[in-house]
Structure formats: structure tokens, C-alpha cells
Amino acid sequence: MTFKYTKILLFLFSFAIFLQCMAQEDRVPVDEAQSQVYAAAKFAADKCGTGIPNPPLLIVSPPLKRNLDLCSISITRVGCPFVGFPIACTLIYLQKDPGNIPWYANFNELSKQQIK
């Protein structure tokens, strides 16, 4: 009997830890996020033979990792001339996860649109 209850308690404890881990949002520290955006912008600027657009993209609070990655990927995919940051970079300012990108949004084309 004791072994059975131990297994049940161990399972419930493991499940509670799993739920706790799932509830936490994966955020990136501001300095690391700023470095990632700068590296992507430097890559795009070098690819296009232009400078990094002004004003620079400033990160003021720790962004969600997913949104930061979407922004960085969009920057590296932007067309030339590189004169502004992609619209997808506005996601880094959201404090809550927006969820999946809707099926009707063409992210491939949206990620190439620049804010000038």
C-alpha cells in the first residue's frame, strides 16, 4: 500500500513541476536581446552595403524569446536596401505571448515589410 501511494505522490509532484515549467515565459535579458538584434542588423546592413537604420531598435524590457527570434530572422531576410526594421520586430515590445501567427497572415511576406 505504501509503495502505491508513493508512486502516486511522485507522479503528482512531477506533474506539478511540469506545469510550473510550462507556465513560465521564456524571456531573454535586455543586453542579450539587444546584442542579437544588433548582430542581425549588422548582417543585413553588410549584405545590402548600407548602414544600420536610424533610429536603432532599442529593447527596454526583456522580450519573449520567440518574438525576439522572429524579429532577428525577419531582419536577416529583409530585402535591400536595408533602410528600416521589419514589422515583425514590433513583437518584441509585447509583454504577453501573442500565440501562433494566424493562418491567414502570410508571415513570409510580412517579415519582409520594413518600417521606415
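Keep in mind it's a predicted model, so treat the numbers as computed, not measured.

Attention shifts here to the state of the cysteines. Scanning the entire structure with this criterion turns up two disulfides. Each sulfur of the disulfide joining C48 and C80 lies 2.0 Å from the other. Since a negative S-S torsion denotes a left-handed disulfide, the C48-C80 link at about -85° is left-handed. Pair noted here: C48 is in helix α2 (residues 30–48) and C80 is in the loop between α3 (65–77) and β1 (85–86), with a separation of 32 residues, a long-range link. Each sulfur in the disulfide pair C71 and C89 lies 2.1 Å from the other. The sign of the S-S torsion, about 90°, decides the handedness of the disulfide formed by C71 and C89: right-handed. In this pair, C71 sits in helix α3 while C89 sits in the loop between β1 and α4 (107–110), placing the two residues 18 residues apart along the sequence. C89 matches C71 in its accessibility class, with the two residues each being buried. Sequence-ordered numbering of the disulfide-bonded cysteines in the protein chain gives the connectivity 1-3, 2-4.

With that out of the way, let us pick up the nonpolar core. Core analysis: the biggest nonpolar cluster contains 18 residues, and V37, L57, L68, C71, I75 and F82 have the highest contact counts within it. By residue number, the principal contributor to this core is α2, which donates seven residues. Setting aside residues up to four positions removed in sequence, L68 forms contacts with V28, A33, Q36, V37, I59, P63 and I92.

Conventions we followed
- Residues numbered from 1 in each chain as written.
- Predicted model: local features only at pLDDT ≥ 70, side-chain atom pairs only at ≥ 80, totals over all residues.
- Heavy atoms only, no water.
- Disulfide = S-S within 2.5 Å.
- Helix = DSSP H or I, 4+ residues; strand = E, 2+ residues; numbered from the N terminus.
- Buried < 20%, exposed > 50% of the residue type's maximum accessible area, 1.4 Å probe, protein only.
- Core = buried A, V, L, I, M, F, W, Y, C linked by side-chain atoms within 4.5 Å.
- Contact = heavy atoms within 4.5 Å.

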